[in-house]
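In case you want the letters, here they are:
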Amino acid sequence: MTAMPRVLSDFLAEGDDLEDLLAGLAPEHWRLPTPAPGWTVAHQVAHLASVFRMAALSAGDPERFAAMAAGLSDDFEANVAAALAGYLGDPPDRLLRRWREERIAAAKALGSGPLDRIVPWLVRPMPASFLGAAGVMELFAHGQDVADAVGARREYTDRIEHLVGFAVRNRDFGFEVRGLAAPKDPFRFELTAPSGAQWAYGPADAPQRVTGSAVDFCLLTTRRRHRDDLDVRAEGRDADRWLDVAQAYRGPSGEGRRPGQFRMAEAD
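Residues numbered from 1 in each chain as written. Predicted model: local features only at pLDDT ≥ 70, side-chain atom pairs only at ≥ 80, totals over all residues. Heavy atoms only, no water.

### Looking at the overall build of the chain
A count of helical and extended segments in the chain gives eleven helices and six strands. For a compact globule of 268 residues, the expected C-alpha radius of gyration is about 18 Å, and the chain comes in at 18 Å, within 12% of that figure. Taken over the C-alpha atoms alone, the chain extends approximately 50 × 45 × 45 Å along its principal axes. The proportion of buried residues among the 268 residues of the chain is 48%. (Helix = DSSP H or I, 4+ residues; strand = E, 2+ residues; numbered from the N terminus. Rg over C-alpha atoms; globule rule 2.2 N^0.38 Å. Buried < 20%, exposed > 50% of the residue type's maximum accessible area, 1.4 Å probe, protein only.)

Next comes the structure, spelled out in structure tokens:
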């Protein structure tokens, strides 16, 4: 029996960890506001379910995915709201079950062929492995919103390596969505994993450098914490500018988080 590729097994494990947190919540907790304006815990889970449904369709039935994508409007927020609408009417137990089914289906579809095959996506096609890494990113980001809403502390693991690599590959997204020119020179990234392992990307002699905690790097590139509250440092003008705009995803940057927004809660 062929073992599941690591990016997909890690994707499922990240989902299982978040489900453990959600399964322990009372129904009223699903109505709690999260740091994302206008979104409750239920909105966060509904979003994950809708994204993983699209991932399963992309990898499992590209023609149906293309037809679905062709029907989307130019209004990003309207598309997100429409996707959420199919889930938000569910009570928490049903929404949780549907989200589980969607992520399992996504992993199965992504693993049904070579991970280097190109699959369609909303902005541009990408290898199936990249879409799996993007799933880890989604779970990290929206799982953080849920944890912040209910006051839970997360246990981070080296599974975030997929998100780190995804963010490094997509270094320029933050500049592009703001209409800014991206730096021409490569960056060196040196980050410390939750296990203490050292992860490095880019030329060792690059003058533009980003160093620090891999967890904080993920919080930065998913815009779940402000740079002032993170152990992520820059050397070089372009690298420092990047810390202000960094994001691993291609869509609108959103409001981000304020300096010190979570400081007291995390000190408790």
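What follows continues from the structure just given.
### Observations concerning the packing of helix α1 (residues 6-23) against helix α5 (residues 92-110)
In the contact formed by α1 and α5, the axes pass within 10 Å of each other and the chain directions differ by 175°. By the angle between their directions, the pair α1 and α5 is classed as roughly antiparallel. Residue-level contacts link Leu8, Phe11, Leu12, Gly15, Asp16, Leu18, Glu19, Leu22 and Ala23 of α1 to Leu96, Trp99, Arg100, Arg103, Ile104, Ala106, Ala107 and Leu110 of α5. Grouping the amino acids of the contact of α1 with α5 by side-chain chemistry returns twelve nonpolar, one polar and four charged. (Axes fitted to C-alpha atoms, helices over the stretch in contact; angles between N-to-C directions. Parallel < 35°, antiparallel > 145°, perpendicular 65-115°, else oblique. Contact = heavy atoms within 4.5 Å. Nonpolar A, V, L, I, M, F, W, Y, C, P; charged D, E, K, R; others polar.)

### Remarks on the environment of Glu138
Looking at the secondary structure, you find Glu138 in helix α6 (residues 128-150). In this structure Glu138 comes out as buried when scored by relative accessible area, which is 17%. In this structure the C-alpha to C-alpha distance between Glu138 and Tyr249, which are 111 residues apart in sequence, comes to 9.3 Å. Residues contacting Glu138, with those up to four places away along its chain left out, are His47, Leu48, Val51, Phe52 and Gly143.

### Brief notes about a nonpolar patch on the surface
Residues Leu72, Leu122 and Val123 make up a contiguous nonpolar surface patch of about 240 Å² in total accessible area. Looking at the element boundaries, Leu72 is found in the loop between α3 (62-70) and α4 (76-88). (Patch = residues over 30% accessible without salt bridge, like charges linked within 9 Å, V, L, I, M, F, W, Y side chains within 5 Å. Areas by Shrake-Rupley, 256 points an atom, 1.4 Å probe, with all protein chains shown as cover. Salt bridge = Lys/Arg side-chain N within 4 Å of Asp/Glu carboxyl O.)

### Some words on the nonpolar core
Counting 75 residues, the largest nonpolar core has Leu22, Trp30, Trp99, Val164, Val210, Phe217 and Trp242 as the members making the most contacts within it. Sorting elements by how many residues they give to this core places helix α2 (residues 41-60) first, with 13 residues. Setting aside residues up to four positions removed in sequence, Leu22 forms contacts with Trp30, Val41, Val45, Leu96, Trp99 and Val146. (Core = buried A, V, L, I, M, F, W, Y, C linked by side-chain atoms within 4.5 Å.)

### Here's the deal with the pairing of strand β5 (residues 208-213)
Both faces of the sheet carry side chains from a regular strand, because those side chains alternate between them. For β5, the buried fraction is high: six of the six residues fall into the buried class. Note: strand β3 (residues 187-192) against β5, six bridges, orientation parallel. Following the sheet pairing, Thr192 is matched in β5 by Ser213. Inspection of the sheet shows β5 paired to strand β6 (residues 232-235) by four bridges, in the antiparallel sense. Across the sheet, the residue bridging to Arg209 is Glu235, located in β6. (Pairing = 2+ DSSP bridges.)

### Overview of the environment of Thr211
Mapped onto the fold, Thr211 is located in strand β5. When the C-alpha atoms of Thr211 and Glu190 are compared, they prove to be 4.8 Å apart, with 21 residues separating the residues in sequence. If near-sequence neighbours (up to four positions away) are discounted, Thr211 is found in contact with Glu190, Leu191, Asp231, Val232 and Arg233.

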